[in-house]
There are 2 protein chains.
Amino acid sequence: MSAHSVFTAYLLAAVSLPAGAQNQTLAQRLGYPADAKLLIIHADDLAVAHAQDMASFEALNRGAVSSASLMVPCPWLTEVADYAKAHPEADLGLHLTLTSEWKTYKWGPVAPRDQVASLLDPHGYLFADAGEAVRNIKPEEAEREVRAQVETALKMGIRPTHLDSHMAVLFDKPALMAVLVNVAHEYHLPFLVLKIPGVPPDMYAALKPTDVILDHVFMAAPPIKPDDWLDYYTHILKTLPPGVSELIVHLAYDDAEMQAVTIDHPDYGSAWRQRDFNVVTSAEFRKALEENNITLVTWRELGRLLPGL
Amino acid sequence: MSAHSVFTAYLLAAVSLPAGAQNQTLAQRLGYPADAKLLIIHADDLAVAHAQDMASFEALNRGAVSSASLMVPCPWLTEVADYAKAHPEADLGLHLTLTSEWKTYKWGPVAPRDQVASLLDPHGYLFADAGEAVRNIKPEEAEREVRAQVETALKMGIRPTHLDSHMAVLFDKPALMAVLVNVAHEYHLPFLVLKIPGVPPDMYAALKPTDVILDHVFMAAPPIKPDDWLDYYTHILKTLPPGVSELIVHLAYDDAEMQAVTIDHPDYGSAWRQRDFNVVTSAEFRKALEENNITLVTWRELGRLLPGL
């Protein structure tokens, strides 16, 4: 499994862990009927750009998304920290970031560069390519950087509700997955883990029976044509299976800044992110949520299911 | 002398060093008559934001400014490096950066954070305030960071024509001035030094007789009202003394990104930078240059006066 194949998968289907000791579905543990359709609508990539922050804050404020995650090494982190402090109810996690993927706009690590040398390209930025990152990163240096990102967020006044992984780098091999899982355990945070059918079990060796595992994850990917955007998303809502799912979106305003950030990269580019924003804030999308009896939930609710401190 | 007083000085008047061994004025050494009025129109702060880069590139391309300097720790450095490689004739220096002054948008050092700890605020960013930077920075760590910025620029394919100092931090005390001067000597680059009348001579102890010192430096500062912008700049041109002067401007488009970068800071803010762009690209400003017999020059020309390698 490469990061690329995960990242660009049209539909990221996941399978439930056996309910194990709990003997209840995740939906039931949250207080819903076993067949409830629960959905986290999740905005990725906060702090990457002002246009991303503004669109994502607007969607959070309007309840168009129920959760989001932010990139600590990016320069607009302070803008997101200000939002987090003004909106303590907002469900904000950390989009742990080990790549710097754009062409003209780059960032480095949070940890001292000489302590995370395996994460860096020749110019001292994080690698642009997820595959290159996965091949080069030493897991102990990934853990150092991930811890530094968590600690930086805490120092900035952000109290994250969950952890996930930018460009799926930490989902790509067992030693990196273990970094995500171990740090999440240490900070008592729930985390996104993609349970892909057929993946060898050592990928999930660090998981504990008490971990909360989503039932399904969905994310738009390049084969979708711009004209089919609303159809793609409403199709997901119409066919959403029972259980707890996450729908990952990328929200930004298609302006000069965002066009420059995402230059030469239409996939997940500026117009793409504007389309995502337009859909999740549309009356049609809202109506599809209602008609299909979908209840929005948050990572904070999932975090309450974890063993106490 | 505080960094603040230097940075906000309405007019930064400088005095010539004695011509010394050269026995010629700087203008004469450049091949002009002794009474020629030579001017570097210099755009500061490239790489800080996309809107800054676009406005500055436009002004460079139109010959509205003759020189510019860029901030290596900022995320848009790659955009500037691409421009530099596409425009090898462009007169681009390094705006050595030891502060991160905006509220919602921040950057850290280029050197490993643990090697430049005295440069950093509690969140690991460069200090916002120039005075705080000057008080806290250990000169040996400033030198480490300055060297890392020069080396990073070179690795990115930028061949700087000169060095100067963002927010005048390196001009603020002798030990920091010595960092600028020593690194400039090592890389055989000319550098901006503000020779302020009345400053004790130890500030300039690192200078060599062969160094190129500008005769005058001008920069707009907060007392100027928006309606007086063109008048301020044309007044400088009308009264420009003979010799080699630099006029420092800050060019950006007043858009959503730049408004967010400079939020809550109208001085040198987004509208300010748009006004600077509007003036230097205006027909009136161009006419004032011609009517006052002002010749634009570059730091590259000044660098050719330095002793050879």
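Residues numbered from 1 in each chain as written. Chains lettered and ligands numbered in written order. Predicted model: local features only at pLDDT ≥ 70, side-chain atom pairs only at ≥ 80, totals over all residues. Heavy atoms only, no water.

Some thoughts on the interface of chain A and chain B
Logical step 1: Each side of the interface is counted separately: chain A has 29 residues, and chain B has 29 residues.
Logical step 2: Surface buried jointly by chain A and chain B totals about 2,400 Å² across both partners, of which 56% is contributed by carbon and sulfur atoms.
Logical step 3: Contact with chain B buries surface across chain A, with Trp-76, Thr-104 and His-123 of chain A losing the most and accounting together for 21% of the total.
Logical step 4: At the junction of chain A with chain B, the criterion picks out 0 salt bridges.
Logical step 5: Here chain A is connected to chain B by 12 residue pairs in polar contact (both at pLDDT 80 or more).
Logical step 6: Among the secondary structure elements, those contributing two or more residues to the side of chain A that touches chain B are α4 (77-86), α6 (139-155) and α9 (256-261) of chain A.
Logical step 7: Across the side of chain A that touches chain B, the residue classes tally to 14 nonpolar, 6 polar and 9 charged. (Contact = heavy atoms within 4.5 Å. Buried area = accessible area lost by both parts, 1.4 Å probe. Salt bridge = Lys/Arg side-chain N within 4 Å of Asp/Glu carboxyl O. Polar contact = N/O pair within 3.5 Å; in protein donor to acceptor, adjacent residues only side chain to side chain. Helix = DSSP H or I, 4+ residues; strand = E, 2+ residues; numbered from the N terminus. Nonpolar A, V, L, I, M, F, W, Y, C, P; charged D, E, K, R; others polar.)

Considerations on the relation of the copies chain A and chain B
Logical step 1: Mapping chain A onto chain B leaves a residual RMSD of 0.0 Å; the transformation is a rotation of 180° accompanied by 0.0 Å of translation along its axis. In short, the pair behaves as if placed about a two-fold rotation axis. Among all residues of chain A, the minimum C-alpha distance to the rotation axis is found for Pro-112 of chain A, at 2.2 Å. (Least-squares fit on C-alpha atoms with pLDDT ≥ 70 in both.)

Observations regarding the environment of Glu-151 of chain B
All names here are of chain B.
Logical step 1: Within the fold, Glu-151 resides in helix α6 (residues 139-155).
Logical step 2: Overall, the relative accessible area of 37% leaves Glu-151 in the partly exposed class.
Logical step 3: C-alpha separation for the pair Glu-151 and Asn-61, spaced 90 residues apart in sequence, amounts to 26 Å. (Buried < 20%, exposed > 50% of the residue type's maximum accessible area, 1.4 Å probe, protein only.)

Observations concerning helix α11 (residues 283-291) of chain A
Since one α-helical turn is 3.6 residues long, residues separated by three or four positions face the same way.
Residue and element names in this part refer to chain A.
Logical step 1: Among the residues of α11, those classed as buried are Phe-285, Ala-288 and Leu-289. Burial along α11 is one-sided: seen end-on, the buried residues are contained in an arc of 100°. Opposite the buried face of α11, at more than 90 degrees from it, the exposed residues are Ala-283, Glu-290 and Glu-291.
Logical step 2: Asn-293, located one to two residues past α11, shows a positive phi value of around 55°. (Arc of directions from axis to C-beta.)

Quick look at the pattern of salt bridges
Logical step 1: Scanning the model with the defined rule gives 12 salt bridges over all chains in all.
Logical step 2: Taking the shortest distance from any N to any O, the salt bridge between Glu-186 of chain A and Arg-147 of chain A comes out at 2.5 Å. Here the residue Glu-186 of chain A occupies a position in helix α7 (residues 174-186), and Arg-147 of chain A occupies one in helix α6, the gap between them amounting to 39 residues.
Logical step 3: Residue Arg-147 of chain A is classed as partly exposed on the basis of its relative accessible area of 26%.
Logical step 4: Here Arg-273 of chain B makes a salt bridge to Asp-45 of chain B, at a shortest N to O gap of 3.0 Å. Of the two residues, Arg-273 of chain B is situated in helix α10 (residues 270-280) and Asp-45 of chain B in strand β1 (residues 37-46); the sequence distance between them amounts to 228 residues.
Logical step 5: Exposure remark for Arg-273 of chain B: the relative accessible area of 2% places this residue in the buried category.
Logical step 6: Linked by salt bridges that have partners in common, Glu-143, Arg-147 and Glu-186 of chain A make up one network.

That is the geometry; function is a separate question.
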